[in-house]
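Architecture at a glance
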Amino acid sequence: MPYPEMMIAPMRQELTRLGVQEMKSAEEVRATLGEASEPTLLVVNSMCGCAARNARPAVAMALQNDRKPVKLTTVFAGQDLDATAAARQYIHGYPPSSPSIALLKDGDVAFMLERHQIEGRSADAIAEDLVNAFNQYC
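Note that the structure is a prediction, hence the values are computed from the model and not measured. Per chain, residue numbering runs from 1 following the sequence as it is written. Predicted model: local features are reported for residues with pLDDT of at least 70 only, side-chain atom pairs are reported and counted for 80 or more only, and whole-chain, interface and lining totals are derived from all residues. Only hydrogens and water are set aside; all other atoms, that is, all heavy atoms of the structure, feed into the side-chain values.

With respect to helix 4 (residues 81–88)
Three exposure classes are used, based on accessible area relative to the maximum for each residue type with a 1.4 Å probe and protein chains only: buried under 20%, partly exposed in between, and exposed over 50%. Where helices and strands are cited, they refer to DSSP runs of H or I of at least four residues and of E of at least two residues respectively, numbered from the N terminus. Within helix 4 the residues assigned to the buried category are Ala83, Thr84, Ala86 and Ala87. Along the axis of helix 4, the buried positions cluster into a sector of 165 degrees, meaning they face one direction only. Think of the arc as the fan of directions from the helix axis to the C-beta atoms.

Have a look at this one:
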C-alpha cells in the first residue's frame, strides 16, 4: 500500500525544487527514459532515513557541478509503484534498491549507486562519487 501523499510531499520537493522531473506513472517513465540517449540521472527516491540524510542531499550537492546530466528524473518507491517498477527496467543488471541513483547513457547504466553504497556513507562522499560520474559521462 502506498504511503500517504502528504507524508512524502516534502521528500518529493527536495528533488523537484532542484529541477528533477518527477515521473508518477509507467507511461511517464517510458516517455521520458525510453528514447533517452543523452546522460540521464534517475533517482529512486524513498522515505527511509538514508534517502533523507544521504541520497537527496548528495544529489543536491552534485547538481552544483558544472558538468551534469541533460535529464534529471526521479520516481518515488513506496508511492508511485507502477512508475518505480517501470524505471527499474532501465536499471539493467541491478536488483531493486531504494534509494538508488543511476546515471543512464545511451540506454545503459553508466554508473550506479545502490542502497548499500548510500546507507552509512556521508552525503559528501556520495556527492563526490556522483560528480566523478558526471565528469566522466556527461
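Concerning the environment of Pro99
Here Pro99 shows up in the loop between helix 4 and strand 4 (100–105). The spacing of Pro99 and Val75 is 24 residues in sequence and 9.9 Å in space, taken between C-alpha atoms. Every residue in contact with Pro99, bar those within four places of it in the chain, is listed here: Val44, Ser46, Cys48, Cys50, Ala51, Ala55, Glu114, Arg115 and Ile118. Contacts between residues were defined by any pair of non-hydrogen atoms, one from each residue, lying within 4.5 Å.

Here's the deal with the nonpolar core
Judged by nonpolar contacts, the single largest core of 23 residues is most densely connected at Leu41, Val59, Ile101 and Leu130. For this core, the secondary structure elements donating two or more residues are strand 2 (40–45), helix 3 (49–62), strand 4 and helix 6 (123–137). The contacts of Leu41, once residues within four sequence positions are left out, are Val59, Leu63, Pro69, Lys71, Leu72, Thr73, Ile101, Ala102, Leu103 and Phe134. The criterion is simple. A nonpolar core is a set of buried Ala, Val, Leu, Ile, Met, Phe, Trp, Tyr and Cys residues joined through side-chain atoms within 4.5 Å. The next biggest cluster of nonpolar side chains, apart from the first, holds 16 residues, and it includes Ala77, Ala83, Ala86 and Ile91.

Observations regarding the pairing of strand 3 (residues 71–76)
Across the six residues of strand 3, five count as buried, placing the element largely inside the fold. Whether two strands pair comes down to DSSP finding at least two bridges between them. Of the pairings in the sheet, the one linking strand 2 to strand 3 comprises six bridges and is parallel in character. Considered in strand 3, the bridge of Val44 is made with Val75. Orient the strands so they point away from the viewer, and a crossover whose first-strand-to-second-strand path over the helix runs clockwise is right-handed. Running through helix 3, the crossover from strand 2 to the neighbouring parallel element strand 3 is right-handed.

Overview of unusual backbone geometry
Cis geometry is found at the peptide bond from Ser98 to Pro99, where omega equals 0 degrees. Despite not being glycine, Asp106 has its phi angle at roughly 55 degrees, a positive value. Within the fold, Asp106 resides in the loop between strand 4 and strand 5 (108–113).

Some thoughts on the environment of Ala52
For Ala52, the position within the fold is in helix 3. For Ala52, a relative accessible area of 37% corresponds to the partly exposed category. Between the C-alpha atoms of Ala52 and Pro99, which are 47 residues apart in sequence, the distance is 9.5 Å.

Focus: the packing of helix 3 against helix 6
Structural elements are reduced to axes, namely lines fitted to C-alpha atoms, with helices fitted over the stretch in contact, and the angle between N-to-C directions of any two is expressed from 0 to 180 degrees. Relative to each other, helix 3 and helix 6 sit at 45 degrees, their axes nearing to 8 Å. Regarding the angle of helix 3 to helix 6, the classification is oblique. Between helix 3 and helix 6 lies a crossing whose hand is right-handed. Between helix 3 and helix 6, the residues in contact are Arg53, Asn54, Pro57, Ala58, Val59, Met61 and Ala62 and Ala123, Asp124, Ile126, Ala127, Leu130, Val131 and Phe134, respectively. Charged residues are taken to be Asp, Glu, Lys and Arg, nonpolar residues to be Ala, Val, Leu, Ile, Met, Phe, Trp, Tyr, Cys and Pro, and polar residues to be all remaining types, Gly included. Of the residues belonging to the contact of helix 3 with helix 6, the class tally is eleven nonpolar, one polar and two charged. An angle counts as roughly parallel when it lies under 35 degrees, as roughly antiparallel when it exceeds 145, as roughly perpendicular when it falls between 65 and 115, and as oblique in every other case. Should the near helix be turned counterclockwise from the far one by less than a right angle, the crossing is left-handed, whereas a clockwise turn marks it as right-handed.

By themselves, these figures tell us nothing about what the structure is for.
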